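Fold and geometry: a report
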Amino acid sequence: MTTVLAATNLCKQFRMGESVVQALDHVSLTVARGEFVAIMGASGSGKSTLLHLIGGLDFPSSGSVVVEGEDITRLGDRQRTLFRRHRLGIIFQSFNLLPALTAVENVALPLMVDGANSRETFPRAEKLLHDVDLGHRLNHRPQAMSGGEQQRVAVARALLNDPAVVLADEPTGNLDSDHAETIWRLLRRLVDDEQRTVVAVTHEPVGARYADRIVVLKDGRIVGEITESGGLDAALVAARYAELVG
Ligand SMILES: Nc1ncnc2c1ncn2[C@@H]1O[C@H](COP(=O)(O)OP(=O)(O)OP(=O)(O)O)[C@@H](O)[C@H]1O
Ligand SMILES: [Mg+2]
């Protein structure tokens, strides 16, 4: 087993005027190559905060994050940006699409800013859009797409650089169940066929069951894990989750 991601004793406090929010409280998490981990927890439990720290988008108040042997909390801004761009695929809770660009341009953008050849990049971007069922929306701009379509563009964009590690924050939050399943199966395939590593935040047991293991957060702490040697199913996930957070 190769460890791809090790978060150790992560704490994150947000200061709001006089008060302090303890968003994460000594969270440790190790993820192996070829592992699919889901993170579940109530709204405000710290899921996005954890994902942001793992992705080097924010700094912990204390603790460390090592991704593929690199302590990303010690990298400078520029190095961290490059690390993200080359090694990680991040699907944000808000999609962050550029309004002036079409779907295929939005997907291709991360490689284009790196000086990639558009003759190679655009066909890849189009293939990824087909994979998320958007082959018929290649030239639509975000305002001409539904929320769920925009979300799927964001998923395709995160996969363009062949990331070793995919971080996803509610990647199916705006999707109907059929399209949600398309995304979960796509993420599962990345793990099974290509030995990539996926960490995905979700509140849906039907999505979380695609993971090998589910880490449950409550009030900024890990309160338990859900795993089952024979594979997870949605009812089991829902029941164990209720026990852990109840
Ligand atoms: N920039 C910030 N400044 C102050 N407080 C913050 C900030 N970001 C998050 N918080 C607080 O930290 C806690 C955890 O937030 P976080 O976004 O990680 O929750 P979450 O589990 O992702 O919730 P949701 O399911 O609603 O997305 C919340 O109480 C939130 O209000
Ligand atoms: Mg969140």
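Details of the structure are given in the entry above.
Let me begin by describing the structure that accompanies this report. No experiment lies behind these values; they were computed from the predicted model shown.

Glancing now at the site of ligand 1. Of all residues adjacent to ligand 1, which total 13 residues, the nearest are Phe14, Ala23, Ser43, Ser48 and Thr49. At the level of secondary structure, the elements contributing two or more residues to the shell around ligand 1 comprise strand 1 (3-16), strand 2 (19-32) and helix 1 (47-54). In terms of residue count, helix 1 provides more of the shell around ligand 1 than any other element does, three residues in total. Here the shell around ligand 1 is built from residues that sort into four nonpolar, eight polar and one charged.

Before going further, it helps to spend a moment on the pairing of strand 1. When strand 1 meets strand 2, the two strands line up antiparallel, connected through ten bridges. Paired with Ala7 across the strands is Leu29, a residue of strand 2. Here strand 1 folds back onto strand 2, and the loop between the two strands holds two residues, one of which, Gly17, carries a positive phi near 60 degrees. The pairing of strand 1 with strand 4 (residues 62-67) spans five bridges and is antiparallel. In the sheet register, Ala6 faces strand 4, and the bridge partner there is Val66.

By size, the foremost hydrophobic cluster in this structure holds 69 residues, and its most contacted members are Val107 and Leu187. By residue number, the principal contributor to this core is helix 6 (residues 177-194), which donates seven residues. Residue contacts for Val107: discarding those within four places in its chain leaves Ala125, Leu128, Leu129, Val153, Ala156, Arg157 and Leu160.

Turning our attention to the sheet that holds strand 2. One open sheet accounts for four strands, arranged 2-1-4-5; its pairing is antiparallel. Lying at the two open borders of the sheet, with one neighbouring strand each, are strand 2 and strand 5 (70-71). Each of strand 1, strand 2 and strand 4 is contacted by helix 1, which is oriented at about 125 degrees to strand 1, the strand it contacts most.

Criteria and cut-off values
Residues numbered from 1 in each chain as written. Chains lettered and ligands numbered in written order. Predicted model: local features only at pLDDT ≥ 70, side-chain atom pairs only at ≥ 80, totals over all residues. Near = placed C-beta within 6 Å. Helix = DSSP H or I, 4+ residues; strand = E, 2+ residues; numbered from the N terminus. Nonpolar A, V, L, I, M, F, W, Y, C, P; charged D, E, K, R; others polar. Pairing = 2+ DSSP bridges. Core = buried A, V, L, I, M, F, W, Y, C linked by C-beta atoms within 7 Å. Buried ≥ 20, exposed ≤ 12 C-beta atoms within 10 Å, placed from the backbone. Contact = placed C-beta atoms within 7 Å. Axes fitted to C-alpha atoms, helices over the stretch in contact; angles between N-to-C directions.

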